[in-house]
Amino acid sequence: MEKEKTDVFLTADRTLMSNYHNNEFLGFGTCAPPNFIPTWLFSYIFFPPLKTKQGHPTAAPYGLRKTEAQLLKEGFNVKTINPNHIEKHLKNTKVLGIHAMDPFGLGPASTTLASLFHKEPYLAKHFQTLLKSPQIHKARQNGLKVIVGGPGAWQFKHRENWTTELEIDCILEGEAENVVGKIFKAALEGQEIPKHYEVSPKEIPNLDEIPDIQNPSINGLIEIGRGCCRGCQFCNVTLRPLRWYPMEKIEKELTVNTNSKKVKGTCIHAEDVMLYGSQNTTPNPEKLVQLHQTVMKHTESISWSHCSLAAIAAAPKAFHEISEIIQQKQTWWGVEIGIETGSPKIAKKIMPAKAHPFSADKWKEVVVEGMGLAHDNKLVPACTLIVGLPDETEEDITRTMDLIDDLKSMRSLIVPLFFVPLGNLKSQDWFTKAQLNERHKQLLIQCAEHDFYWVDELLDMSIQGRWYSHIMKEFYKGFSAIAKRKVRQIK
C-alpha cells in the first residue's frame with residue numbers, strides 16, 4: 001500500500017510484465033493463442049511473472065520506463081505497478097497509463113499464429129482482461145482517467161469502437177516525450193483530452209529531449225538509437241528520423257540496470273544495431289567496437305534487438321571483432337533479422353535500401369553471405385519472412401523457397417509472417433489464411449522443417465545449465481511440433 005498519494009500510475013498487461021526467463025525472444029510465445037499446454041503452464045514457460053516489491057515490479061518494459069522518466073522529469077508524482085496489484089493502488093489515483101505492445105493481436109506474429117490456431121493470442125487476451133478488470137471499472141466511476149500508449153497504439157485505428165468499449169480516455173500514438181506531459185496534466189486537471197492523439201513529425205523529440213530511464217528495464221533492454229534510414233515500405237519505423245544515442249547516454253541507462261542488481265544482461269535496441277553511429281547504410285566499425293566494449297564492461301551478457309544482414313556482410317572484419325568481444329563472456333548471442341523475401345524483384349520494389357550498400361538485385365547473395373557470417377561468429381538470428389506481400393507472384397515465392405533451401409545449414413529460426421499493412425503500405429489489404437495458395441503452404445512447411453531441425457540445438461543453447469532445462473525443453477519442443485502439424489493441416 002502506498003504511504004503517500006500518487007496521482008499517476010503506469011502499468012502493462014501480464015504478458016509484458018515478464019523477463020521471459022531472461023531471454024527476450026521467448027516473449028514471442030505471448031503471440032501464440034491458448035493451445036494443448038495448460039494456460040498456467042504455458043504462461044510460466046513463456047512469460048513467468050516478474051518479482052514485485054509492494055506492488056512495484058523489479059523491472060518494466062523499456063517504453064513504459066521512458067514514459068515514467070519523462071513524467072518524473074516534468075515533476076509528476078508517478079509510479080509503476082504490476083497489473084496484479086492495481087486494486088491496492090487505484091483508490092485515490094487520478095490517471096492510469098497503460099503500455100500496449102500488441103493489444104488486439106494485429107501484429108504480424110500474432111495474426112499468423114491466430115490464423116493457424118483459430119484463437120485469439122495470449123497478449124490480446126491479457127490486454128483486454130486488464131482493461132475490463134473490475135478494479136479499473138470501479139476506479140473509473142470514481143474519476144480515474146485511462147491513457148493507453150506504446151508501440152501497439154496504431155491498432156486502435158483498426159478497432160476504434162474498442163476505445164469506448166474498454167473505457168479508454170485517450171490513445172497516445174508515436175514518440176510522445178514532447179506531448180505526454182501535456183496530456184497527463186490535462187487529465188489530472190479534469191480538462192478534455194483527445195480520444196486519439198497521433199504525434200506529428202514536428203513533435204518527435206530530438207536526442208536532448210529523450211530522457212534517460214530512472215528504473216530498471218526488463219532484461220536490461222536499452223535503446224542505442226531511434227529511426228531507420230533503409231526506408232522499407234512495410235515498416236512504420238522508417239517514417240521517423242534516424243538518431244543515435246551518444247555513448248554517455250547509453251552508459252547512463254546501462255548503469256541504471258546494472259546497479260539495480262535485478263538485471264543481469266543487456267539487450268541493445270535499434271532497428272539496425274550494426275549501423276550504430278552511421279548516418280547511412282555503411283557501418284562505422286570504430287563506433288561499433290567502442291559500443292560493444294562499453295556495454296560488455298557493464299553487463300554479464302548481451303543480445304541485440306535487430307540488425308540487417310547487409311550491414312553484417314558489409315563489415316565482416318568489424319563483425320568478427322564484435323563477436324570476439326562478446327564471446328569473452330558468453331558463447332553466443334541472439335537477434336531478430338528481417339529477410340522478408342528471397343525475390344530480388346520484390347526486394348527492389350518495396351525495400352531497395354535493405355540491401356545497401358549492395359544492390360537489391362543481389363539480395364539473395366547478401367542474405368546468404370550475412371547468414372553465413374552470423375553462423376560462423378555465433379550470432380543466432382530469428383529471421384522473419386513476409387507472406388503475401390502486395391503483387392507477390394508464385395515465381396517470387398519460389399525464389400524465397402530457393403533462398404530458404406540455401407540457409408538450411410545455418411543456425412537460425414525462420415518465421416513466416418502474414419503481411420500486415422503498415423508504413424507506406426498501410427492502404428493495402430491484410431493477407432489472411434484464406435489467401436494461402438499451394439506455394440505459400442509449401443513455404444510455411446519448409447520453414448517449419450528448418451526450425452524443427454535447429455530447435456534442439458537452439459534450446460540447448462538458450463536454457464543449458466538451468467535446473468528446469470530438460471523439462472522446459474520438452475515443452476518447447478512439443479509446442480514447436482504442434483505448430484508444425486498445424487502448418488501441415490492447412491487446407
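Residues numbered from 1 in each chain as written. Predicted model: local features only at pLDDT ≥ 70, side-chain atom pairs only at ≥ 80, totals over all residues. Heavy atoms only, no water.

Trainee: Explanation requested: the overall build of the protein in the structure shown.
Mentor: Scanning the protein for helices and strands turns up 16 helices and 16 strands. Whereas a compact globule of 491 residues would reach a radius of gyration of roughly 23 Å, the protein reaches 22 Å, a difference of no more than 12%. For the protein, the residues scored as buried account for 58% of the 491 residues in total. Put simply, 81% of the contacts in the protein that link residues at least 6 apart link residues at least 24 apart. Summed over all atoms, the accessible surface of the protein reaches about 21000 Å², with 51% contributed by carbon and sulfur. Counting 59 positive and 56 negative side-chain charges, the protein places the centres of these two groups 5 Å from one another. (Helix = DSSP H or I, 4+ residues; strand = E, 2+ residues; numbered from the N terminus. Rg over C-alpha atoms; globule rule 2.2 N^0.38 Å. Buried < 20%, exposed > 50% of the residue type's maximum accessible area, 1.4 Å probe, protein only. Contact = heavy atoms within 4.5 Å. Areas by Shrake-Rupley, 256 points an atom, 1.4 Å probe, with all protein chains shown as cover. Lys, Arg positive; Asp, Glu negative; His and termini not counted. Charge placed at Lys NZ, Arg CZ, Asp CG, Glu CD.)

Trainee: Explanation requested: the packing of aromatic side chains in the structure shown.
Mentor: The geometry of an aromatic ring pair is captured by the separation of the ring centres together with the interplanar angle, meaning the angle of the planes. All chains considered together, the criterion is met by 14 aromatic pairs. When the ring of Trp244 is compared with that of Tyr276, the centres are 5.5 Å apart and the planes differ by 75°; the resulting orientation is edge-to-face. Within this pair, whereas Trp244 is found in strand β11 (residues 243-244), its partner Tyr276 is found in the loop between β12 (266-269) and α9 (285-298), the two being separated by 32 residues in sequence. The same class applies to Trp244 as to Tyr276, namely buried. The cationic tip of Lys249 hangs over the ring face of Tyr245; the distance from NZ or CZ to the ring centre is 5.2 Å. (Phe/Tyr/Trp six-rings, centres within 6.5 Å; stacked < 30°, edge-to-face > 60°. Lys NZ or Arg CZ within 6 Å of the ring centre and 35° of its normal.)

Trainee: Any chance you could explain the sheet that holds β12 here in plain terms?
Mentor: Read from one edge to the other, the open sheet built from three strands follows the order β9-β12-β13, with strand pairing classed as parallel. A strand with exactly one partner marks an edge of an open sheet, and here the two such strands are β9 (221-223) and β13 (302-304). Sheet twist, expressed as the average angle between the axes of neighbouring strands with direction ignored, equals 25°. Across three bridges, the pairing between β12 and β13 is parallel. (Pairing = 2+ DSSP bridges. Axes fitted to C-alpha atoms, helices over the stretch in contact; angles between N-to-C directions.)

Trainee: What should I look at first to understand the side chain of His292 in this one?
Mentor: As for its position among the elements, His292 is in helix α9. Among the polar contacts made by the side chain of His292, one reaches the side chain of Trp304 at a distance of 3.0 Å. Ignoring anything within four residues of it in the chain, the contact list for His292 reads Ile268, Val273, Ile302, Trp304, Ile322, Ile325 and Ile326. (Polar contact = N/O pair within 3.5 Å; in protein donor to acceptor, adjacent residues only side chain to side chain.)

Trainee: I'm lost on the pairing of strand β14 (residues 333-340) in this one. Help?
Mentor: Along a regular strand, successive side chains alternate from one face of the sheet to the other. Burial analysis of β14 places eight of its eight residues in the buried class, which makes it a mostly covered element. Judged by which residues are buried, β14 turns out to be covered on both faces: Trp333, Val335, Ile337 and Ile339 on one side and Gly334, Glu336, Gly338 and Glu340 on the other are all buried. The pairing of β14 with strand β15 (residues 379-387) spans seven bridges and is classified as parallel. What sits directly across from Ile337, in β15, is Cys383.

Trainee: Can you walk me through the sheet that holds β15 in this structure?
Mentor: Working definition: the strands of a sheet are paired by backbone hydrogen bonds and lie parallel or antiparallel to each other. On the basis of which strands lie adjacent, the open sheet formed by three strands has the order β14-β15-β16 and parallel pairing. With partners counted over all chains shown, the strands left at the sheet margins are β14 and β16 (413-418), one partner each. If you compare each strand with its neighbour and ignore which way they point, the axes differ by 25° on average. The strands touched by helix α13 (residues 363-376) within the sheet are β14 and β15, with β15 carrying the most contacts at an inclination of about 150°.

Trainee: Would you take a moment to explain the pattern of salt bridges for this structure?
Mentor: Side-chain pairing between opposite charges can occur once the charged atoms of the two side chains come close. This structure, assessed with the given rule, holds 22 salt bridges. A salt bridge links Glu253 to Lys66, with the nearest nitrogen and oxygen atoms 2.8 Å apart. Highlighted residues: Glu253 in helix α8 (residues 247-259) and Lys66 in helix α2 (residues 62-73), separated in sequence by 187 residues. One salt bridge connects Asp396 with Lys345, and the closest N-O pair in it is separated by 3.1 Å. Here Asp396 is found in helix α14 (residues 394-406), whereas its partner Lys345 is found in helix α12 (residues 344-350), with 51 residues between them in sequence. On the basis of relative accessible area, Asp396 is assigned to the buried category, the value being 3%. Given the relative accessible area of 48%, Lys345 is considered partly exposed. Bridged by salt links that share partners, the residues Glu175, Glu177, Glu223, Arg226 and Arg243 form one connected network. (Salt bridge = Lys/Arg side-chain N within 4 Å of Asp/Glu carboxyl O.)

Trainee: Whenever I open this one, the packing of α8 against α9 confuses me. Can you help?
Mentor: Helix-helix packing is characterised by the crossing angle of the two axes and by the distance between the axes. Viewed as axis vectors pointing N to C, α8 and α9 meet at an angle of 20°, and their least axial separation amounts to 10 Å. The angle between the axes of α8 and α9 places the two elements in the roughly parallel class. Handedness of the crossing formed by α8 with α9: right-handed. Side by side, α8 and α9 meet where Met247, Ile250, Glu251, Leu254, Thr255 and Thr258 of the first sit next to Lys287, Gln290, Leu291, Thr294, Val295, Lys297 and His298 of the second. (Parallel < 35°, antiparallel > 145°, perpendicular 65-115°, else oblique. Left-handed = near helix turned anticlockwise from the far one by under 90°.)

Trainee: Quick question: what am I supposed to make of helix α7 (residues 180-188) here?
Mentor: It helps to recall that an α-helix has 3.6 residues per turn; residues three or four apart then point in one direction. Of the positions making up α7, those classed as buried are Val180, Gly181, Ile183, Phe184, Ala186 and Ala187. Residues of α7 that are buried make contact with β1 (8-12), α2, β5 (95-99), β6 (145-149), β7 (170-173) and β8 (196-198). Two residues or fewer past α7, Gly190 is found with a positive phi of approximately 75°.

Trainee: How should the side chain of Thr266 be read in this particular structure?
Mentor: Among the secondary structure elements, Thr266 is positioned in strand β12. What makes Thr266 buried here is its relative accessible area of 3%. In contact with Thr266, other than residues within four places in its own chain, are Asn219, Gly220, Ile222, Leu254, Val295, Thr299, Ser301, Ile302 and Ser303.

Trainee: Help me understand a positive patch on the surface in this model?
Mentor: Together, Lys51, Lys53, Lys261, Lys262 and Lys264 line one region of the surface with positive charge. Following the sequence through the fold, Lys261 ends up in the loop between α8 and β12. Exposure remark for Lys261: the relative accessible area of 66% places this residue in the exposed category. (Patch = residues over 30% accessible without salt bridge, like charges linked within 9 Å, V, L, I, M, F, W, Y side chains within 5 Å.)

Trainee: Please explain α9 as it appears in this structure.
Mentor: Over its 14 residues, α9 extends 20 Å from the first C-alpha to the last, a length consistent with the 20 Å expected when each residue adds 1.5 Å. Of the positions making up α9, those classed as buried are Leu288, Val289, Leu291, His292, Thr294, Val295 and Met296. Along its buried surface, α9 packs onto α8, β12, β13 and α11 (316-326). (Expected span 1.5 Å × (residues − 1).)

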